[in-house]
Amino acid sequence: EKVPVEALQSDMQELGLSTETVSTLLDLIQDASLEGLEARLGPESAGLQEIKQIFALAESYGYADWLQFNASVVRGLAYYTGAVFEGFDRSGT
């Protein structure tokens, strides 16, 4: 089940993050493009490099057309420390 933005914002505030930090993180999560993230994080960002490597590998193996980047795939803040993947069948469900 996807976590509403308001719940995510509340979770971040409960962790003691500043209003500015919460706003920045929510902006990053809601920006659906790699280009937007690169503009905010810089090209040397380790997380961004990891995502770009995943897409480069997918391209080299011939399944890049099957991947779509979405920075909003978050299931809360409790346990994810890396990339999160979501799969769908060919009908899109």
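Predicted model, so just to flag it, every value in this text is computed and none were measured.

## Focus: the overall build of the chain
Move 1: A count of helices and strands for the chain gives four helices and zero strands.
Move 2: Tracing the chain from N to C terminus, the helices and strands come up as α-α-α-α.
Move 3: Across the 93 residues in the chain, those meeting the buried criterion constitute 23%.
Move 4: Total accessible area on the chain is roughly 7,000 Å²; 51% of this is exposed by carbon and sulfur atoms.

## Thoughts on the packing of aromatic side chains
Move 1: Scanning all chains against the criterion turns up one aromatic pair.
Move 2: Relative to Tyr 63, the ring of Tyr 61 lies with its centre 6.4 Å away and its plane at 25 degrees, an arrangement referred to as stacked.

## A short note on the nonpolar core
Nonpolar side chains in soluble globular proteins tend to be buried together.
Move 1: In this structure, Leu 28, Leu 34, Leu 37, Leu 48, Ile 51, Phe 69 and Ala 71 together form the largest nonpolar core, which totals seven residues.
Move 2: Only helix H3 (34–41) and helix H4 (46–61) provide two or more residues apiece to this core.
Move 3: Core analysis: the next-biggest nonpolar cluster, separate from the first, contains five residues, Leu 8, Val 22, Leu 26 and Ile 29 among them.

## Observations concerning the pattern of salt bridges
Move 1: With the rule as written, the count across this model stands at one salt bridge.
Move 2: Residue Glu 38 pairs with Lys 52 through a salt bridge whose shortest N-O separation is 3.0 Å. You can see Glu 38 sitting in helix H3 and its partner Lys 52 sitting in helix H4, a full 14 residues away along the chain.
Move 3: Using a relative accessible area of 30% as the deciding quantity, one classes Lys 52 as partly exposed.

## Some remarks on a nonpolar patch on the surface
Move 1: A surface patch of nonpolar side chains, amounting to about 520 Å² of accessible area, comprises Leu 57, Tyr 61, Tyr 63 and Trp 66.
Move 2: Mapped onto the fold, Trp 66 is located in the segment after H4.
Move 3: We classify Trp 66 as exposed; its relative accessible area is 58%.

The rules behind the values
- Residues numbered from 1 in each chain as written.
- Predicted model: local features only at pLDDT ≥ 70, side-chain atom pairs only at ≥ 80, totals over all residues.
- Heavy atoms only, no water.
- Helix = DSSP H or I, 4+ residues; strand = E, 2+ residues; numbered from the N terminus.
- Buried < 20%, exposed > 50% of the residue type's maximum accessible area, 1.4 Å probe, protein only.
- Areas by Shrake-Rupley, 256 points an atom, 1.4 Å probe, with all protein chains shown as cover.
- Phe/Tyr/Trp six-rings, centres within 6.5 Å; stacked < 30°, edge-to-face > 60°.
- Core = buried A, V, L, I, M, F, W, Y, C linked by side-chain atoms within 4.5 Å.
- Salt bridge = Lys/Arg side-chain N within 4 Å of Asp/Glu carboxyl O.
- Patch = residues over 30% accessible without salt bridge, like charges linked within 9 Å, V, L, I, M, F, W, Y side chains within 5 Å.

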